[in-house]
Amino acid sequence: MAIQIAPSILAADFLELGKQIKDVSKTADIIHFDIMDGSFVPNISFGFPVLDAVKKIATLPVDAHLMIVHPEKYFERCAASGVNMLSFHLEAALADGNDPAVFLDRIRSLGMKAGLAFNPDFPIEKVFPYLDNADYVLAMSVFAGFGGQHIEDSVYDRVKSLKKEIVERKLKCLVEIDGGVTRDNIAAIAAAGVDIVVAGSAVFKADDCAAEVQVLREFALG
Ligand code: DX5
Ligand code: ZN
């Protein structure tokens with residue numbers, strides 16, 4: 001299947017957010033929505049009032065990425081907003097002694113696709129036990145918290161390990177990567193087997209964000 005592109009609105013012009021979402025929706029596959037709490041990550045982005053507003057105009061599935069402590073407190077709230085795909089950080093769940101598989105099942109039971117996110121330094125084999133319960137994994141290709149960072153080169157091998165495990169176990173889990181995606185690295189990302197790429201700066205810092213999504217799609221073909 002061709003790679004799917006999920007523009008991250010963290011890099012959008014917030015004074016033009018509605019217009020930019022409509023523009024990018026002409027060519028993109030998914031809208032990526034980063035929720036940060038200033039605690040799990042050292043930055044604060046936006047929360048539920050903005051999410052509700054985005055959902056009202058979104059014609060594409062909305063993929064919410066929770067970079068927060070105690071993510072389970074907000075699963076119902078995200079479902080009420082109409083979120084289609086919801087990921088939380090494995091590190092946040094484990095820090096509280098929670099079972100990430102239970103969280104994934106709860107997200108699914110609320111009618112959303114369940115995603116498991118983790119930072120570039122999280123041991124990849126420790127993700128494997130949860131692949132049956134996840135609709136997708138969100139392998140961070142930068143450390144969560146900020147847009148506009150450089151991709152971590154370790155992500156290519158990490159994606160290959162994930163894909164190998166998923167194929168061997170005949171699972172349906174998709175692999176999404178997030179952070180530092182550009183025209184220059186998207187072909188290597190696609191070749192590693194990534195199903196969904198999140199791209200913030202690459203899309204929204206371009207003059208024409210809708211056209212840039214198509215450029216990225218072409219570059220992904222190599
Ligand atoms: C980082 C966020 C990313 C970010 C990607 O913590 O999760 O989704 O918006 O932005 P770029 O593509 O600019 O690295
Ligand atoms: Zn994100």
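The present account deals with the structure reproduced in this document. A quick note: this is a predicted structure, and the numbers were derived from the prediction, not measured.

**A look at the site of ligand 1**
Here comes step 1: Close to ligand 1 lie 20 residues, the nearest being Ser8, Gly145, Asp178, Gly200 and Ser201.
Here comes step 2: Here an oxygen atom of ligand 1 sits 2.9 Å away from a polar atom, N or O, in the main chain of glycine 180.
Here comes step 3: Contacts to ligand 1 include serine 201, whose side-chain N or O atom sits 2.5 Å from an oxygen atom.
Here comes step 4: Protein chains bury 99% of the 380 Å² of accessible surface belonging to ligand 1 in isolation.

**Here's the deal with the pairing of strand β3 (residues 62–67)**
The side chains of a regular strand alternate, residue by residue, between the two faces of the sheet.
Here comes step 1: For β3, a buried count of 6 out of 6 residues is recorded, marking the element as mostly surrounded by other parts of the structure.
Here comes step 2: Neither face of β3 is left uncovered, since the one carrying Val62, Ala64 and Leu66 and the one carrying Asp63, His65 and Met67 both have all their residues buried.
Here comes step 3: Summarising the sheet, strand β2 (residues 31–36) and β3 pair through 6 bridges and their orientation is parallel. Of the residues in β3, the one forming a bridge with aspartate 34 is histidine 65.
Here comes step 4: Bridging between β3 and strand β4 (residues 85–89) involves 4 bridges; their strand directions are parallel. Bridging across to β4, aspartate 63 finds its partner in methionine 85.

**Here we look at helix α2 (residues 48–57)**
Here comes step 1: Inspection of α2 places Phe48, Leu51, Val54 and Lys55 among the buried residues, and these make up the whole buried set. Projected down its long axis, α2 carries its buried residues within an arc of 120°, all on one side. For α2, exposure combined with an orientation more than 90 degrees from the buried face picks out Pro49 and Lys56.
Here comes step 2: Buried residues along α2 sit in contact with α1 (17–24), β2, β3 and α3 (75–81).

**With respect to the pattern of salt bridges**
Here comes step 1: Following the criterion strictly, the structure yields 11 salt bridges and no others.
Here comes step 2: The closest approach of N and O atoms between glutamate 165 and arginine 169, which form a salt bridge, is 2.8 Å.
Here comes step 3: Owing to a relative accessible area of 17%, glutamate 165 belongs among the buried residues under this scheme.
Here comes step 4: Looking at arginine 169, the relative accessible area reads 30%, which means it is partly exposed.

Parameters and conventions
Residues numbered from 1 in each chain as written. Chains lettered and ligands numbered in written order. Predicted model: local features only at pLDDT ≥ 70, side-chain atom pairs only at ≥ 80, totals over all residues. Heavy atoms only, no water. Near = heavy atom within 4 Å. Polar contact = N/O pair within 3.5 Å; in protein donor to acceptor, adjacent residues only side chain to side chain. Areas by Shrake-Rupley, 256 points an atom, 1.4 Å probe, with all protein chains shown as cover. Buried < 20%, exposed > 50% of the residue type's maximum accessible area, 1.4 Å probe, protein only. Helix = DSSP H or I, 4+ residues; strand = E, 2+ residues; numbered from the N terminus. Pairing = 2+ DSSP bridges. Arc of directions from axis to C-beta. Contact = heavy atoms within 4.5 Å. Salt bridge = Lys/Arg side-chain N within 4 Å of Asp/Glu carboxyl O.

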